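# A closer look at the structure
Here's the letter readout for the chains.
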Amino acid sequence: MKQTLNQITLVVKDYDEAITFYTKKLKFDLLEDTPLSSVKRWVVIRPPGGGGCSLLLAKAADEKQKASIGNQTGGRVFLFLYTDDIDRDYQNLLSYNVRIKREPIIEKYGKVLVFEDLYGNLWDLIQINYPNP
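Sequence order as written defines the numbering, with residues in each chain counted from 1. Residues qualify for local features only when their pLDDT is at least 70, as the model is predicted, and side-chain atom pairs are given and counted only at 80 or more; totals for whole chains, interfaces and linings, by contrast, use all residues. Working from all heavy atoms in the structure, the side-chain values ignore hydrogens and water.

With an unreviewed UniProt entry as reference, the protein chain is termed Glyoxalase family protein, source organism Indibacter alkaliphilus.

A few words now on the domain arrangement of the protein chain. These domain boundaries are the output of an automatic or database domain assignment. For the protein chain, the assigned domains read domain 1 (1-69) and domain 2 (72-132). Computed from C-alpha coordinates alone, the two centres of domain 1 and domain 2 are separated by 19 Å. Each side of the interface is counted separately: domain 1 has 20 residues, and domain 2 has 15 residues. What counts as buried area is the accessible surface, traced by a 1.4 Å probe, that two parts surrender upon association, with contributions from both included. Carbon and sulfur atoms supply 69% of the area buried between domain 1 and domain 2, which totals about 1,400 Å² over both sides. In terms of surface lost to domain 2, no three residues of domain 1 exceed Phe21, Lys25 and Leu26, which account for 33% of the buried area on that side. By convention in these notes, a salt bridge is any Lys or Arg side-chain nitrogen within 4 Å of a carboxyl oxygen on Asp or Glu. Viewed at the interface, domain 2 and domain 1 are joined by zero salt bridges. Secondary structure elements with two or more residues in the side of domain 1 that touches domain 2: strand S1 (7-12) and helix H1 (15-25). Note on conventions: DSSP H or I runs of at least 4 residues are helices, E runs of at least 2 residues are strands, and numbering of each starts at the N terminus. Ranked by residues supplied to the side of domain 1 that touches domain 2, first place goes to H1 with six residues. Taken together, the residues of the side of domain 1 that touches domain 2 sort by class into 12 nonpolar, two polar and six charged. Residues count as neighbours in contact if any of their non-hydrogen atoms are within 4.5 Å of one another. Gly counts as polar in this scheme, as do all residues outside two lists: the nonpolar Ala, Val, Leu, Ile, Met, Phe, Trp, Tyr, Cys and Pro, and the charged Asp, Glu, Lys and Arg.

Our next topic: the environment of arginine 41. Within the fold, arginine 41 resides in strand S3 (residues 41-46). Sequence separation between arginine 41 and tryptophan 123 is 82 residues; the distance between their C-alpha atoms is 24 Å. If near-sequence neighbours (up to four positions away) are discounted, arginine 41 is found in contact with Tyr15, Asp16, Ile19, Asp33, Thr34, Pro35, Leu36 and Leu57.

Turning next to the environment of phenylalanine 21. For phenylalanine 21, the location among the structural elements is in helix H1. Put simply, phenylalanine 21 and valine 98 are 77 residues apart on the chain and 9.5 Å apart in space, counted from C-alpha to C-alpha. In this view, phenylalanine 21 contacts Leu26, Val98, Glu116, Asp117 and Leu118; residues no more than four positions away in its chain are not counted.

Now the structure itself:
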């Protein structure tokens, strides 16, 4: 058997503000933005580079969903974004005033920092096997 995790839903407050954050500040690619009704859209984004899992941006439709915006994992790191150059991406985050929750540190597996998205979800940004000084 072969299976692949293809897409994860991220509950957002507003489609357009989420698209702007992810495509402008994180440099994600907008793969699809299809209206499904007057209030619902199918919005798919993915980190640059063409591979891996994508995110479905889903606008909260009721109070229960609104309560999960920014807290999809109860305050734990939600998503793990791998990069080929963490120093470049760290400078990009700073230039867009993305909130850094933990400054970059070198771990056994590589260099990692924690940042918040526009709603407060926590992300790890990781460069595997970062060269040790």
